[in-house]
Amino acid sequence: MAGHDVRWGEMIHGARIFLTTTHGAIYLAAKRADFSEFTRGTLLVTALFMITAIAWDFAIDPVNARRVIWLRCLESALVLLWALASWRNVHAPMARALAILGPLGVEATFVHVLGVLDQGASFGMGGFLYFFIFVPFLTLVQPLAFSVAVLVLIAVCPPILGACGVTADLDWWVYAAYIGLVIGPVMLILLMFEYLYWTVFRYREQVEVQAVTDGLTRLANRRYFMAEAAARLGRQNARGGAASLLFIDIDRFKAVNDAHGHAIGDQVLTHVVARLRQVLRDGDLIARYGGEEFVALLSDTDTERAVAVAERIRQAVRTAPCDINACGQSLTSTVSIGIATHRAEQPIDLDRLIVDADHAVYEAKRTGRDRVVAAVTQAQA
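Residues numbered from 1 in each chain as written. Predicted model: local features only at pLDDT ≥ 70, side-chain atom pairs only at ≥ 80, totals over all residues. Heavy atoms only, no water.

Enquirer: Before we move on, could you go through the state of the cysteines and cite the residues and values that matter?
Expert: Using the criterion set out here, one finds zero disulfides in the structure. With no disulfide of its own, Cys157 lies 9.3 Å from the sulfur of Cys164, the closest cysteine sulfur. (Disulfide = S-S within 2.5 Å.)

Take a look at the structure:
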């Protein structure tokens, strides 16, 4: 019984995550990027379908079909207006308003067409099913709840019109049988599609994170750092001031691996990263550059402030030994840190900045390790 309750709890929790994610801004932005072109295309195809329905009208009632040509043109115009409103942004307020008013307007004109055509109510009853064929495709780009709401509205719209006197002598029991049979499966298909896209979205997020993240430390990897750091230096130049790069190297790390094994070495790496996170700001860009080397770009930070931050990092690592086994044995690590500073008046040269900071690290190691050295740049020399 307890296991059954746990499974139900997990299912409910999973459903909440699904509903929260599928109506979140990031998820909807992904849908917009993936389905905008598809939505525009399907709207244009639907508008064409509305025009070709004129042939269906003439097949049913050649005499009265001429009287409803303008209504078919109006239906097509409503869909084209929806397409136009969606052209730049399918989630714009006007696009969403027309995603509701468009189908309802088309449905209202369709009811009127059936009333004009001889035996239109008999021949056209199945035509309501077209709404449940087309509309889900037209609203795929919208949130799931929005699509479901539109389907419910187009299901109840004809009976409401009938109650208001806009009727084509439709048999509402037959209508209810048609719609009752189709609305459940269509909503289930919508839900299944949303779940499929959600799984793709989550997988893509994981792949994107893995592409820019170091698997062990969960810091940015070297490739992401190079691209993002260059962009940040560009923004630094635009607003003026200085940015400093810290090159952080764990001292004698090879000896740790040789003496204790790579598993302990990994513990030391993650331990040092935790100390870095304690000291650095949330907005600072931190990355694993390679092996036991880390880099951090500090925006709006001159050399003097960067040295102060680096000293705090050095002290944080030195004074917090890493527990390496269950028996309480600990291992004290130290780091050597090199600093290079970029100023807004200088051209952006990230490679040069890294080289300068790397040379400063070598100087720190040469003079005894566990220390901070600031590079002397050409502008300072």
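That shown, we press on.
Enquirer: Residue-level account of the pairing of strand β1 (residues 242-250), with values.
Expert: Buried residues dominate β1, accounting for nine of its nine residues. Burial along β1 is two-sided: the residues Ala242, Ser244, Leu246, Ile248 and Ile250 and Ala243, Leu245, Phe247 and Asp249 are all buried. Direction of pairing for β1 relative to strand β3 (residues 293-298): antiparallel, over a ladder of six bridges. In the strand pairing of β3, Ile248 is matched with Phe294. (Buried < 20%, exposed > 50% of the residue type's maximum accessible area, 1.4 Å probe, protein only. Helix = DSSP H or I, 4+ residues; strand = E, 2+ residues; numbered from the N terminus. Pairing = 2+ DSSP bridges.)

Enquirer: Give me the confidence of the model for the protein: which residues, what numbers.
Expert: Of the residues in the protein, 94% have a pLDDT of 70 or more, and the chain-wide mean is 90. When pLDDT is averaged over each helix and strand of the protein, the minimum, 71, is found for helix α1 (residues 2-22) and the maximum, 97, for β3. (pLDDT = per-residue confidence, 0-100.)

Enquirer: Got a sec to walk through the side chain of Thr39? Specific residues and values, please.
Expert: Within the fold, Thr39 resides in helix α2 (residues 25-60). Non-local contacts of Thr39, meaning those with residues more than four positions away in its chain, are made with Val90, Leu138 and Val141. (Contact = heavy atoms within 4.5 Å.)

Enquirer: Got a sec to walk through helix α7 (residues 144-163)? Specific residues and values, please.
Expert: Here α7 spans 29 Å end to end across 20 residues, near enough to the 28 Å set by a 1.5 Å rise per residue. Maximal helix bending in α7 amounts to about 35°, located at Cys157; proline Pro158 follows within four positions. Of the residues making up α7, those classed as buried are Leu144, Phe146, Ser147, Val150, Leu151, Ile154, Ala155, Cys157, Pro158 and Leu161. Of the residues one or two after α7, Gly165 is the one with positive phi, at around 100°. (Expected span 1.5 Å × (residues − 1). Bend = angle between axes of the 7 residues up to and from the residue.)

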